Amino acid sequence: MNTTKYCIIPIFIPHFGCSHQCVFCNQRKITGQETPVTAEQVSEIIEESLVKITGRRQVELAFYGGSFTALSLDCQYELLQPAYQALQRNLIHSIRISTRPDCINPVIVKNLAMLGVRTVELGVQSMDDAVLAGANRGHTAKDVSNATSLIKNAGLACGVQLMPGLPGENWSSLICTVTKIIGLRPDFARVYPTLVIAGTPLANLYYDNRYKPLTIPEAVAKSAYIKLTFEQQGIKVIRTGLQATAELSKAHVVLAGPYHPAFGELVDSFLFFLMAAHCIEILSYSACEGEMTIHHHPKDSSKLRGVSGENIRRLKKTYKLSSIILKPDHHTLGELVIDFHGLSISINKNMLNYI
């Protein structure tokens, strides 16, 4: 059994190399960091992080924020050198960078590969050109397609970051975005619902009542759609919602929008609610009044129950169930098996039809 765990050494470069002020962005507020990182600092961070790592770890160094490949090739080389040297010494095992779709070309991709980068994440946000223009992204959906092809053709892993809830987005444009991304076949995705961060143009739009952020339930529903649809197509969603930090928890940083420290759990719980509800609908819930048993894997218990037991309360109220008995079953990871009055039905997320 492989017991090696995964570990990330994060290097934050807020706004470093980024030539655009997107309406939603103030990365200094998100990361709490004000100044660009230097090559010397990269070396120090690697050394300090490695000292803290115990046991067997698969270590990846990740450059987050900014637009790494918008930097000059000399600057990219300088920042990657400490990481590449650590990679050559087998102190770390992979390197990841984040960048803009319009800052990728054959020369840049070749240089990244030569310096040990194995994963490139693209800040896509949307594949609707009108939404991208409204967000002042400075690139189009075609730039995303071109960048993805270049990265994948170079043998590098390609990830995409989507941001539901941008100004001008609706369900139609979101579905279009998801469909187009599936056609590009990225290796993984992250989903970050739009937040109103202090010091951004979006904050001005919000204060002027020209932008209405998603509520948490709306953001959960849209994120769940993205995650479910991608994973049904073999595209793993590795994160939904920004990671909770002390900075984001400050009231003067996130002014509005669907921020929740356990947003990913809300999304997973919503999907498990849909699974259970789908089974009940198939059983004809009008005949389901009474007691119901749901078999589930122990690892899925909190997702099935929902935050503070909300899923169970909602199922009982909606379908007039007097009791729901939860039975752990180690053979049902990611699956629910529902028993009611001698009838049994099973479901997993691949069987859900969201829209």
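None of these values were measured; they are calculated from a predicted model. (Residues numbered from 1 in each chain as written. Predicted model: local features only at pLDDT ≥ 70, side-chain atom pairs only at ≥ 80, totals over all residues. Heavy atoms only, no water.)

(A) Expanded view of the overall build of the chain. Looking only at helices and strands, the chain features twelve helices and 13 strands. Over its C-alpha atoms the chain spans a radius of gyration of 22 Å, differing by no more than 12% from the 20 Å that the globule rule assigns to 355 residues. Judged by the C-alpha coordinates and their principal axes, the chain covers about 70 × 55 × 40 Å. When burial is assessed residue by residue, the chain has 50% of its 355 residues classed as buried. When contacts within the chain are restricted to residue pairs at least 6 apart in sequence, those whose partners lie at least 24 apart make up 79%. For the chain, the computed accessible surface area is about 16,600 Å², with 51% contributed by carbon and sulfur atoms. (Helix = DSSP H or I, 4+ residues; strand = E, 2+ residues; numbered from the N terminus. Rg over C-alpha atoms; globule rule 2.2 N^0.38 Å. Buried < 20%, exposed > 50% of the residue type's maximum accessible area, 1.4 Å probe, protein only. Contact = heavy atoms within 4.5 Å. Areas by Shrake-Rupley, 256 points an atom, 1.4 Å probe, with all protein chains shown as cover.)

(B) Layout of the nonpolar core. Core analysis: the largest hydrophobic core is formed by 50 residues, its most contacted members being Phe-63, Phe-68, Leu-80, Ile-92, Val-120 and Phe-230. In terms of residue count, helix H3 (residues 73–88) provides more of this core than any other element does, six residues in total. Once you skip the residues sitting within four places of it in the chain, Ile-92 turns out to touch Ile-9, Leu-50, Val-59, Leu-61, Ala-83, Ala-86 and Leu-87. Residues Leu-283, Ile-312, Leu-336 and Leu-352 belong to the second largest nonpolar core, which totals 34 residues. (Core = buried A, V, L, I, M, F, W, Y, C linked by side-chain atoms within 4.5 Å.)

(C) The arrangement of the pairing of strand E3 (residues 94–99) in detail. Where burial is concerned, most of E3 is hidden: six out of the six residues are buried. Alternating positions in E3 separate into two faces, Ser-94, Arg-96 and Ser-98 on one and Ile-95, Ile-97 and Thr-99 on the other, with burial throughout. Handedness of the strand E2 (residues 57–64)-H3-E3 crossover: right-handed. Relative to strand E4 (residues 117–125), E3 is paired through five bridges, and the arrangement is parallel. Among the inter-strand pairings, Arg-96 is bridged to a residue of E4, identified as Thr-119. Following the chain from E3 across helix H4 (residues 106–114) to the adjacent parallel E4, one finds a crossover that is right-handed. (Right-handed = clockwise from strand over helix to strand, strands pointing away. Pairing = 2+ DSSP bridges.)

(D) Representation of the packing of H3 against H4. Between H3 and H4, whose axes approach to 10 Å, the crossing angle comes to 20 degrees. Taken together, the axes of H3 and H4 are roughly parallel relative to one another. As for how H3 packs across H4, the hand of that crossing is right-handed. Across the interface between the two elements, Leu-73, Gln-76, Leu-80 and Tyr-84 from H3 touch Val-107, Ile-108, Asn-111, Leu-112 and Met-114 from H4. Its residues assigned to classes, the contact of H3 with H4 shows seven nonpolar, two polar and no charged. (Axes fitted to C-alpha atoms, helices over the stretch in contact; angles between N-to-C directions. Parallel < 35°, antiparallel > 145°, perpendicular 65-115°, else oblique. Left-handed = near helix turned anticlockwise from the far one by under 90°. Nonpolar A, V, L, I, M, F, W, Y, C, P; charged D, E, K, R; others polar.)

(E) Layout of the packing of helix H2 (residues 39–52) against H3. Between H2 and H3, the shortest axis-to-axis distance is 8 Å and the interhelical angle comes to 25 degrees. Taken together, the axes of H2 and H3 lie roughly parallel to each other. Considering how the two elements wind past one another, H2 and H3 form a crossing that is right-handed. Across the interface between the two elements, Ala-39, Val-42, Ser-43 and Ile-46 of H2 pack against Glu-78, Leu-79, Pro-82, Ala-83 and Ala-86 of H3. Taken together, the residues that form the contact of H2 with H3 break down as seven nonpolar, one polar and one charged.

(F) Broad picture of helix H9 (residues 216–232). Spanning 17 residues, H9 covers 24 Å between terminal C-alpha atoms, matching the ideal 24 Å at 1.5 Å per step. Here H9 lies mainly inside the structure; twelve of its 17 residues are buried. Residues of H9 that are buried include every one of Ala-219, Val-220, Ala-221, Lys-222, Ser-223, Ala-224, Tyr-225, Ile-226, Lys-227, Leu-228, Thr-229 and Phe-230, and no others. A positive phi of about 80 degrees marks Gly-234, the residue just after H9. (Expected span 1.5 Å × (residues − 1).)

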